[in-house]
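The lines below spell out each chain.
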Amino acid sequence: MASYCMTVSRLRLSLGDGARRLHVTAALSAKAKVAMSRFEPGSSINYEKLLTNISIVRKRLNRPLTLSEKIVYGHLDDPHGQDIDRGRTYLRLRPDRVAMQDATAQMAMLQFISSGLATVAVPSTIHCDHLIEAQIGGAQDLQRAKDLNEEVYNFLATAGSKYGVGFWKPGSGIIHQIILENYAYPGVMLIGTDSHTPNGGGLGSICIGVGGADAVDVMAGIPWELKCPNVIGVKLTGTLSGWTSPKDVILKVAGILTVKGGTGAIVEYYGPGVDSISCTGMATICNMGAEIGATTSVFPYNHRMKTYMDKTGRGEIAQLADEYKDCLVPDPGCQYDQVIEINLSELKPHINGPFTPDLCHPVSDIGEVAIKSGWPLEVKVGLIGSCTNSSYEDMGRAASLAKQALDRGLKCKAQFTVTPGSEQIRATIERDGYAKILRDVGGVVLANACGPCIGQWDRKDVKMGEKNTIVTSYNRNFTGRNDANPATHAFVTSPEIVTAMAIAGTLNFDPEKDFLTASNGEKFQLVPPTGDELPSRDFDPGQDTYQHPPPDGGSVAVDVNPASNRLQLLEPFDKWSGKDLENMAILIKVKGKCTTDHISAAGPWLKFRGHLDNISNNMLIGAVNSENDGINKVKNILTGEYGGVPDVARHYKANGVSWVVVGDENYGEGSSREHAALEPRHLGGRAIIVKSFARIHETNLKKQGLLPLTFADPSDYDKIRPDDKISIKGLSSFAPGKPLTAVITHGDGSQDTIQLNQSFNKNQIEWFQAGSALNRMKELQQ
């Protein structure tokens, strides 16, 4: 590659005018390192180190590297000595930064406080986006959230100030959009406490969703462990055009790979078709990669990313990326573990659902499929925006369709909501007229927050249990996900298709061939959507919503009221006794899909995310009990009575009875929320035994001192009965790669012995023995 021969300006942020713009303050850094003092002290870009590490690893492996490998291996703690084997070894990595959304940041910061450390070791930020409920409209909903969540916001703001963490106030926008606009850049490695952190892959970044305990490790300066990912290549050819959007790429991929097909892998897009997709379109694709279980997704650096960085005040970084482009694209001849090829010129608009994001249909077929399946055809609500699809381009394309309807005297037949992804997007679409068009067609512009996408929606138009259809541009559509109504049939698609179906009011509408009726009775077709990739003028940054941590936060007080029902300081979990786990009860044998939403519901429960005991009252209340197909109804073996899952677990704990959960395939898919691991541990659980795990949840369980185990023979799931007792043997010789044994004692006294596989490495076994990863961290400090 070309030698580095340019001078680079150091960057800083002028906060006084609220514009969050970059200003050159000092010139001349002969090294490829740009100080990212944009928001927190200590941020930096160091392509020289990335290049050095890549060169070391490439020489060791003696083969071309994928882009994913370049960035991941470029962040190895020990590039000379690290054992590297895709899909097998654990890598010890040094991520560049951490980002946390407010719901998960509460527990992450509580754990960091428990660590006893004085300040974070890497640049970190908190983003207030999850606690704002959609009710009326943006301004009113935001003010209500500030009032209701004042205690939590104050805790996060003061904790951020004390420990050196930047704080994005409520109203600033959704974490992933803020990261894309400010912190992501080609070659960075960022971890975030949200499963859709991979959104940053649209800017050539390796951004990975994790639990709070993983974030604490990185903030503490401890190397972060990740199982060396496989790499799935998606070769894109052709060109996007017409009604087909970037969202259709990932909807198609989800249909191919299913919700677990990407587990343990990074999905890497490449090929000539990449250049036809905008930077924010690439982010959309990477964002929804979480729904196929992928570790993350990434695109190679190109001119679309450069343009986006130029437009968002990061031109100097783009210049550096140009100089180091060889680090930011795959090597010729690199090998993928699996290759999928998609011709964008042939790709048609798609819509996925209901109830799972991998049930893939061409839009041209969905009406007929819905009729045959008995799904409601009437679209009650169309919802656009969210972290997946809230870019300037998305809003512009949706507005182009709304304008056509308005010009023909039409408004949306369905209710219609618009969620801007950030304050910058909101302000810019207001300035440029898009927001007015979307309101005029019947839309309600919500707060810059997650809102209905995560269940923060005070929905009034249908009764609980009423069968209905909604269409969204979101990323996830599990049962009850958006409105807590299990009868809501939620479909995910592009903002363009959502807008068209909201105007038509029905699923049975294909805008490529079907007609609408204007107010004067004339039939007309919608012209394919258009929209500028980026505003012709600069983005309007809107209100200043960022709080920079002070240079020294040692004197800042962080108070947690012992009487609070929102926040609770953590007590250490008990250490392993040194003995096998004997005669444990089966709390619940879960039947079918069990996502983190089933294990620890969001929606109204979000307000308890900082209070472990209170939020534990939602543990597994959405899971289906195989014994009776009931929800939140399990038998208490001590009393013989049926009760709610958390209630029975509490009764077992009070009476010294340890318990396990038995589950099905891909257990724990969905969100990164570590509460789905903390709650079972808090209520006395010892092991989760399933056919297979989703990646993040399996790691979260290990972090909290639980045993995530898988059946060596999946059919052994059928041997377990609700009233059985389970003993786990072999813990005294617990070692990486060595299976454990379970003895199942049935109610009639008969026994079955089965083998359970585990994926623990040496460090993770030490977490289990210490009682949790946090306990182990404290041991090492002594």
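To be clear, the structure that these remarks concern was listed above.
Residues numbered from 1 in each chain as written. Predicted model: local features only at pLDDT ≥ 70, side-chain atom pairs only at ≥ 80, totals over all residues. Heavy atoms only, no water.

Chemist: Quick one: what's the story with helix α4 (residues 138-148), residue by residue and with numbers?
Modeler: Burial in α4 covers these residues: Gly138, Asp141, Leu142 and Ala145. Seen along its axis, α4 keeps its buried residues to an arc of 100°; they face one direction. Across from the buried face of α4, at angles greater than 90 degrees, the exposed residues are Ala139 and Asp147. Looking at the buried residues of α4, the elements they touch are α5 (150-163) and β20 (443-445). (Buried < 20%, exposed > 50% of the residue type's maximum accessible area, 1.4 Å probe, protein only. Helix = DSSP H or I, 4+ residues; strand = E, 2+ residues; numbered from the N terminus. Arc of directions from axis to C-beta. Contact = heavy atoms within 4.5 Å.)

Chemist: Which residues make up helix α20 (residues 675-682), and what are the values?
Modeler: Of all 8 residues making up α20, 8 are buried, and the element is well covered by its neighbours. Residues His675, Ala676, Ala677, Leu678, Glu679, Pro680, Arg681 and His682 constitute the buried set of α20. Positive backbone phi, approximately 100°, marks Gly684, located one or two places after α20.

Chemist: Before we move on, can you summarise the pattern of salt bridges with the specific residues and values?
Modeler: Counted by the stated rule, this structure contains 42 salt bridges. Salt-bridge contacts for Asp597 lead to Arg481; the nearest nitrogen and oxygen are separated by 3.1 Å. Within this pair, whereas Asp597 is found in helix α17 (residues 596-599), its partner Arg481 is found in the loop between β21 (468-472) and β22 (488-492), the two being separated by 116 residues in sequence. Relative accessible area serves as the criterion here: at 8%, Arg481 is assigned to the buried category. With its nearest N and O atoms 3.4 Å apart, the salt bridge here joins Asp664 to Lys691. (Salt bridge = Lys/Arg side-chain N within 4 Å of Asp/Glu carboxyl O.)

Chemist: Hey, could you go over the nonpolar core for me, with residue numbers and the actual values?
Modeler: Counting residues in each nonpolar core, the largest one holds 170 residues, and the members touching the most others are Leu236, Tyr269 and Phe299. For Phe299, the residues in contact, after removing those within four places along its chain, are Leu67, Gly201, Gly204, Leu236, Tyr269, Val274, Ile277, Met282, Ile285, Cys286 and Met305. Grouped together as the second largest cluster of nonpolar side chains are 26 residues, Val661, Leu683, Phe693 and Leu706 included. (Core = buried A, V, L, I, M, F, W, Y, C linked by side-chain atoms within 4.5 Å.)

Chemist: Which residues make up the packing of aromatic side chains, and what values go with them?
Modeler: Using the criterion set out here, one finds 16 aromatic pairs in the structure. Where Tyr47 meets Tyr324, the ring centres are 5.6 Å apart and the plane angle is 20°; that geometry is what we call stacked. Linking Tyr47 in helix α1 (residues 47-61) with Tyr324 in the loop between α11 (315-323) and β15 (338-343), this pair joins segments that are 277 residues apart in sequence. Neither residue differs from the other here; Tyr47 and Tyr324 are each classed as buried. In this structure, Lys633 is placed above the aromatic ring of Tyr642, and the distance from its NZ or CZ to the ring centre is 5.8 Å. Across from the ring centre of Tyr717, 4.7 Å away, lies the NZ or CZ of Lys691, which sits over that ring. (Phe/Tyr/Trp six-rings, centres within 6.5 Å; stacked < 30°, edge-to-face > 60°. Lys NZ or Arg CZ within 6 Å of the ring centre and 35° of its normal.)

Chemist: Account for the sheet that holds strand β6 (residues 97-101), with residues named and values stated.
Modeler: The sheet built from 6 strands is open, its strands ordered β10-β9-β6-β7-β8-β25 with mixed pairing. A strand with exactly one partner marks an edge of an open sheet, and here the two such strands are β10 (206-209) and β25 (546-547). The pairing of β6 with strand β9 (residues 189-192) spans 3 bridges and is parallel. In the sheet register, Arg97 faces β9, and the bridge partner there is Leu190. (Pairing = 2+ DSSP bridges.)

Chemist: Pulling in residues and values, what's your account of the environment of Leu131?
Modeler: Checked against the element boundaries, Leu131 lands in the loop between β7 (124-127) and α4. For Leu131 and Asp540, which are 409 residues apart along the polypeptide, the C-alpha to C-alpha distance reads 25 Å. Residue contacts for Leu131: discarding those within four places in its chain leaves Asp102, Gln106, Ala145, Asn149, Val152, Tyr153, Gln456, Arg566 and Leu606.

Chemist: Break down the packing of helix α10 (residues 303-311) against α11 for me, with residues and values.
Modeler: Two numbers describe how α10 lies on α11: the axes approach to 7 Å, and their chain directions differ by 155°. By the criterion of interaxial angle, the relationship of α10 to α11 is roughly antiparallel. Residues Lys306, Met309 and Asp310 of α10 pack against Gly315, Ile317, Ala318 and Asp322 of α11. Counted by class, the contact of α10 with α11 contains 3 nonpolar, 1 polar and 3 charged residues. (Axes fitted to C-alpha atoms, helices over the stretch in contact; angles between N-to-C directions. Parallel < 35°, antiparallel > 145°, perpendicular 65-115°, else oblique. Nonpolar A, V, L, I, M, F, W, Y, C, P; charged D, E, K, R; others polar.)

Chemist: Mind laying out the sheet that holds β15, listing which residues take part and the relevant values?
Modeler: With parallel pairing, 4 strands are arranged side by side in an open sheet as β14-β13-β12-β15. The open sheet has two free edges, formed respectively by β14 (296-298) and β15, since each of these has just one partner strand. Neighbour to neighbour, the strand axes of the sheet diverge by 20° on average, direction disregarded. Relative to β14, strand β13 (residues 265-270) is paired through 3 bridges, and the arrangement is parallel. Within β14, the position partnered with Glu268 by the bridge is Val298.

Chemist: Describe the side chain of Thr710, naming the residues involved and giving the relevant values.
Modeler: Here Thr710 shows up in strand β31 (residues 707-711). Thr710 sits in the buried class, given a relative accessible area of 18%. Those residues in contact with Thr710, other than ones at most four positions away along the chain, are Val690, Lys691, Ser692, Phe693, Gln755, Leu756 and Asn757.

Chemist: Account for the pairing of strand β30 (residues 685-690), with residues named and values stated.
Modeler: Of all 6 residues in β30, 5 are buried; the element is thus mostly enclosed. Sheet analysis places strand β29 (residues 659-662) next to β30, joined by 4 bridges and oriented parallel. Paired with Val660 across the strands is Ala687, a residue of β30. A crossover connection joins β29 to the parallel β30 through α20; in handedness this β-α-β unit is right-handed. Note: β30 against β31, 4 bridges, orientation parallel. Opposite Ala687, over in β31, you have Leu707 as the bridge partner. (Right-handed = clockwise from strand over helix to strand, strands pointing away.)

Chemist: Account for the pairing of β13, with residues named and values stated.
Modeler: Of all the 6 residues making up β13, 6 are buried; the element is thus mostly covered by neighbouring parts of the structure. Every second residue of β13 is oriented toward a common face, with Ala265, Val267 and Tyr269 on one face and Ile266, Glu268 and Tyr270 on the other, all of them buried. Taken together, the 6 bridges between strand β12 (residues 230-237) and β13 define a ladder with parallel strand orientation. Counterpart to Ile232 in the pairing with β13 is Val267. With respect to chirality, the unit in which β12 leads through helix α8 (residues 246-257) into the neighbouring parallel β13 is right-handed. For the segment spanning β13, helix α9 (residues 279-288) and β14, crossover handedness is right-handed.

Chemist: How would you explain the packing of helix α3 (residues 102-115) against helix α23 (residues 773-781) if you had to name every residue and give the values?
Modeler: Across the interface, α3 lies against α23 with an axial gap of 10 Å and an inter-helix angle of 25°. Considering their axes alone, α3 and α23 lie roughly parallel with respect to each other. α3 and α23 meet at a crossing whose hand is right-handed. In contact with Gln111, Ser114 and Ser115 of α3, α23 contributes Leu774, Met777, Lys778 and Gln781. Residues of the contact of α3 with α23, tallied by class, amount to 2 nonpolar, 4 polar and 1 charged. (Left-handed = near helix turned anticlockwise from the far one by under 90°.)

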